[in-house]
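Coordinate analysis (summary)
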Amino acid sequence: FFFHDSATTDIYTQAFVGSVRCVQETDKTYEEVPKELHGKIKPTMFCGNPSELLSIRHIDRCARVLPHDQNTGGFFLALFKKTGELGAKSNEPKTSQEAPEEKKLEELKVIANPQIKQSPILTIGEFTRVDQQDPEAEFIKIFFGLETFPLHLFYTINGNMKTVLLVTEAVNEYLELLAAHGIPDKSVLTNIGVKCFERCKSQYKGSACLFRILQSGAKYILPYMSKRVVPVAYTHLTL
């Protein structure tokens, strides 16, 4: 059925449907989909066991927003209650005090192994690990004060330093594993990491800054930066 949700403003939602038919009227489960369509139709396109969705996942508590109702995208609305910090142990006492800013910066370092190591150049598909001896990589290290940053987590696309990507230690080890087993096929990976640095455009030629930090990777680089950092207090932003 169709109803207006009074808890939200001008958002029309629909209730949970226990079953969904896909492609044809007779296709109620993935097993009923013709084999020639298995390449396009995936098991995740079906609701699965309705009783499991209700009793375990409680999907009936979600509200569905459908594209044709009000010219929007299609998505679910659900309200979650935070019961603890992400990754916190259940036996640790909960605290309402916010962690100091220094502690937050330290927590961001979990993306990388702080131990610096020299790693050989590695290429998987179109992704190549940055050569730590490369002059441009050395510039990034010196200019931003990244002496303690594990540069072996930096990758580029096709060996071009135009954009520098940052991966986690786990992803780096996975790429090394692929290389060790001789899997260079480009189709293996389509995207890795987050963009951290980008070479400055030609109109900034002559500037001392050859690379700029990208917003997507700034929070991971900041804890390691010993240069180009200007602390700003709240009082500096108030009149």
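Because the structure is a prediction, the values reported are computed rather than measured. Sequence order sets the numbering: in each chain, residues are counted from 1 along the sequence as written. Thresholds applied to this predicted model are a pLDDT of at least 70 for local features of residues and 80 or more for the giving and counting of side-chain atom pairs; totals over whole chains, interfaces and linings are not thresholded and use all residues. As a rule here, side-chain values come from all non-hydrogen atoms in the structure, and water together with hydrogens is ignored.

Here the focus is the side chain of Thr156. Relative to the assigned elements, Thr156 resides in strand E7 (residues 154-157). We call two N or O atoms a polar contact when they sit within 3.5 Å, provided that within protein one can donate a hydrogen and the other can accept it, with sequence-adjacent residues counted only if both atoms are side-chain atoms. Among the polar contacts made by the side chain of Thr156, one reaches the main-chain amide nitrogen of Gly159 at a distance of 3.4 Å. We call two residues in contact whenever any of their non-hydrogen atoms come within 4.5 Å of each other. Beyond its immediate sequence surroundings of up to four residues, Thr156 is in contact with Glu126, Phe127, Thr128, Val130, Met161 and Thr163. Numbering goes from the N terminus for both helices and strands, where a helix is a DSSP run of H or I of at least four residues and a strand is a run of E of at least two.

What follows concerns the pairing of strand E9 (residues 194-199). The criterion for strand pairing is that DSSP finds at least two bridges linking the strands in question. Here strand E8 (residues 160-166) runs beside E9; their pairing, made up of four bridges, is antiparallel. Its bridge partner being in E9, Val164 is matched across the sheet by Phe197.

Take the packing of aromatic side chains next. Pairing of aromatic side chains here covers Phe, Tyr and the six-membered ring of Trp, requires ring centres within 6.5 Å, and sorts the geometry by plane angle: under 30 degrees stacked, over 60 edge-to-face, intermediate tilted. Scanning all chains against the criterion turns up seven aromatic pairs. Residues Phe149 and Phe154 carry aromatic rings whose centres are separated by 5.1 Å and whose planes lie at 25° to one another, so their mutual orientation is stacked. Relative accessibility decides the category of a residue: with a 1.4 Å probe and only protein chains considered, values under 20% of the type maximum give buried, values over 50% give exposed, and everything between is partly exposed. Given a relative accessible area of 4%, Phe154 falls into the buried group. Pairing Phe154 with Phe197 gives two aromatic rings, centres 5.8 Å apart and planes at 85°, and the pair type is edge-to-face.

Moving on: unusual backbone geometry. The backbone of Asn158 sits at a positive phi, close to 55°, despite the residue not being glycine. Structurally, the position occupied by Asn158 is in the loop between E7 and E8.

The term disulfide is used for any two cysteine sulfur atoms that are within 2.5 Å. Applying the stated criterion to the full structure yields zero disulfides. Here Cys200 stays free of any disulfide, with the sulfur of Cys209 as its closest cysteine sulfur at 4.3 Å.

Turning our attention to the pattern of salt bridges. Note on definitions: salt bridges are taken to be side-chain nitrogens of Lys or Arg within 4 Å of carboxyl oxygens of Asp or Glu. Tallying each qualifying case throughout the model produces three salt bridges. Of the charged contacts in the structure, one is a salt bridge between Glu136 and Arg199, with a shortest N-O distance of 3.1 Å. Taken together, the residues Glu136 in helix H4 (residues 135-143) and Arg199 in strand E9 connect sequence positions 63 residues apart. Given a relative accessible area of 30%, Arg199 falls into the partly exposed group. The partner of Glu198 in a salt bridge is Arg212, and the shortest N-O contact between them spans 2.7 Å. Separated by 14 residues along the polypeptide, Glu198 in strand E9 and Arg212 in strand E10 (residues 211-213) bring together distant segments of the chain.

By themselves, these figures tell us nothing about what the structure is for.
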